[in-house]
Amino acid sequence: MPVNNTQAETEKLIMRLYKSAFPPVARYVAKMGGSFDDARDVFQDALVIYYEKAAAGKLELQKTESAYLLGIAKHLWFKKYRDGLYDVSLDQFEGPEFADKADPQPSEGRLLYYLETAGKKCMEILSAFYYDKLPMKQIAGLFGYAGERSVTVQKYKCLEKVRETIKQNALQYEDFID
Amino acid sequence: MRTLLTETQQIDEHVQGTAAPDEALLFEAKLLLDAELPLKVQWHKQTLGLVQQYGRKNLVSIIGDVHNQLFTLPQHQSFRQKILQLFR
């Protein structure tokens, strides 16, 4: 799967995958006695997993996109059937690579909200690099940097900026619990 | 030629596991000597966790938009019918 470039291209990609792979997934879920909402939930989680695997270069190339998505969806459905619940499957199936290694901070939601607003550009650059795993050259083009060198410098500045925000947040929290 | 790495680069390579063996060893030593460095590593991991959450949230929102388009817009009516009839 060609991983995205821009928001619009990601949307095009998701549209294509939806059209080709949702019908077989919906057919499977219906056959298993699930509802339309079940099919939607399972498929949407499968899309996220598929995208993240593709971005990380972890797809087995011999399978078609549709077959891959159906396979993931069946796995998710099986978990739902076995557990009788379908809640946090996505995080259980394939959690964030680093989040679980760090101690969870109680104010992470607030922190993310803050970063989405005050540090949006940095979060976009960092997610293009670490989430979408796009090549530096492409990120430079997308964000209007002269070249790989200047976007790399910006990436590290952004890492420092976000880290500083986290640090301040942690210090505030320490004050709070003292 | 590789230029001297900044501390943030070193932290990132340490967390990602991409540091060259000699640099990795040097970094391990620094971790023992610099009291603030382990904290910086911790914050760095948290940064990457937040970036992951941010990226995933954005993707989930695009997926939701596509779903809404497919299940509301007139041009996707035949697709919609094909799916909905499976659940009748």
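Residues numbered from 1 in each chain as written. Chains lettered and ligands numbered in written order. Predicted model: local features only at pLDDT ≥ 70, side-chain atom pairs only at ≥ 80, totals over all residues.

1. A word on the overall build of chain B
Logical step 1: In terms of helices and strands, chain B carries four helices and zero strands.
Logical step 2: Taken from the N to the C terminus, the helices and strands of chain B come in the order α-α-α-α.
Logical step 3: Relative to a compact globule of 88 residues, whose C-alpha radius of gyration would be 12 Å, chain B shows 23 Å and is clearly more extended.
Logical step 4: Principal axes of the C-alpha set define a box for chain B whose edges measure 65 × 30 × 20 Å.
Logical step 5: Put simply, chain B has 88 residues, and 25% of those count as buried. (Helix = DSSP H or I, 4+ residues; strand = E, 2+ residues; numbered from the N terminus. Rg over C-alpha atoms; globule rule 2.2 N^0.38 Å. Buried ≥ 20, exposed ≤ 12 C-beta atoms within 10 Å, placed from the backbone.)

2. Focus on the overall build of chain A
Logical step 1: A count of helices and strands for chain A gives eight helices and zero strands.
Logical step 2: Secondary structure elements in chain A, listed N-terminal to C-terminal, are α-α-α-α-α-α-α-α.
Logical step 3: Within chain A, the proportion of its 178 residues that are buried is 30%.
Logical step 4: Of all intrachain contacts in chain A linking residues separated by at least 6 positions in sequence, the fraction that spans at least 24 positions is 64%. (Contact = placed C-beta atoms within 7 Å.)

3. Digging into the packing of helix 2 (residues 36-55) of chain A against helix 3 (residues 37-70) of chain B
Logical step 1: Two elements in contact, helix 2 of chain A and helix 3 of chain B, have axes whose closest approach is 10 Å; the angle formed by their N-to-C orientations is 135 degrees. With respect to their mutual orientation, helix 2 of chain A and helix 3 of chain B come out oblique. With respect to the hand of their crossing, helix 2 of chain A and helix 3 of chain B are arranged in right-handed fashion. Between helix 2 of chain A, through Arg40(A), Gln44(A), Leu47(A), Val48(A) and Tyr51(A), and helix 3 of chain B, the contact on the second element is made entirely by Arg56(B), Leu59(B), Val60(B), Ile63(B) and His67(B).
Logical step 2: Tallied by class, residues from the contact of helix 2 of chain A with helix 3 of chain B come to six nonpolar, two polar and two charged. (Axes fitted to C-alpha atoms, helices over the stretch in contact; angles between N-to-C directions. Parallel < 35°, antiparallel > 145°, perpendicular 65-115°, else oblique. Left-handed = near helix turned anticlockwise from the far one by under 90°. Nonpolar A, V, L, I, M, F, W, Y, C, P; charged D, E, K, R; others polar.)

4. Quick word on the interface of chain B and chain A
Logical step 1: Each partner contributes residues to the interface: chain B has 35 residues there, and chain A has 43 residues.
Logical step 2: Among the elements of the structure, helix 1 (7-16), helix 3 and helix 4 (77-84) of chain B are those that each provide at least two residues to the side of chain B that touches chain A.
Logical step 3: For the side of chain B that touches chain A, the per-class residue count stands at 16 nonpolar, 13 polar and six charged.

5. Details of the nonpolar core
Logical step 1: Val25(A), Val42(A), Phe43(A), Ala46(A), Leu47(A), Leu69(A) and Ala73(A) are the most contacted members of the largest nonpolar core, which totals 27 residues.
Logical step 2: Among the secondary structure elements, those contributing two or more residues to this core are helix 1 (7-31), helix 2 and helix 3 (65-83) of chain A together with helix 3 of chain B.
Logical step 3: For this core, the leading source of residues is helix 1 of chain A, giving nine residues.
Logical step 4: In this view, Val25(A) contacts Ala39(A), Val42(A), Phe43(A), Ala46(A), Leu69(A), Leu70(A) and Ala73(A); residues no more than four positions away in its chain are not counted.
Logical step 5: Of all hydrophobic cores here, the second largest spans 22 residues; its members include Met123(A), Leu126(A), Val51(B) and Tyr54(B). (Core = buried A, V, L, I, M, F, W, Y, C linked by C-beta atoms within 7 Å.)

6. Topic: helix 2 of chain A
For an α-helix, the turn length of 3.6 residues means that residues three or four places apart are oriented alike.
Residues and elements named next belong to chain A.
Logical step 1: End to end, helix 2 covers 28 Å across 20 residues, agreeing with the expected 28 Å (1.5 Å per residue, within 8%).
Logical step 2: Restricting attention to buried positions, one finds in helix 2 the residues Ala39, Arg40, Asp41, Val42, Phe43, Gln44, Asp45, Ala46, Leu47, Tyr50, Tyr51 and Glu52.
Logical step 3: Where helix 2 terminates, the next one or two residues include glycine 57, which has phi positive at roughly 70 degrees. (Expected span 1.5 Å × (residues − 1).)

7. Points about the environment of Asp22(B)
Logical step 1: In this structure, Asp22(B) sits in helix 2 (residues 21-33).
Logical step 2: With 11 residues separating them along the chain, Asp22(B) and Ile11(B) place their C-alpha atoms 14 Å apart.

8. Here we look at unusual backbone geometry
All names here are of chain A.
Logical step 1: With a phi angle near 50 degrees, lysine 133 is a residue other than glycine that sits in the positive phi range.
Logical step 2: Residue placement: lysine 133 occurs in the loop between helix 6 (120-130) and helix 7 (136-142).
Logical step 3: Residue classification places lysine 133 among the partly exposed residues on the basis of 16 C-beta atoms within 10 Å.

9. Describing the confidence of the model for chain A
Logical step 1: Overall, the predicted model of chain A reaches an average pLDDT of 83, with 80% of residues at or above 70.
Logical step 2: Across residues 95-102 of chain A the pLDDT falls below 50, and counting only partners more than four positions away or on other chains, this stretch makes 17 contacts in the model. (pLDDT = per-residue confidence, 0-100.)

10. Details of the confidence of the model for chain B
Logical step 1: Chain-level statistics for chain B give a pLDDT mean of 92 and a share of 94% at 70 or above.
Logical step 2: Across the predicted assembly, pTM comes out at 0.84 and ipTM at 0.86.

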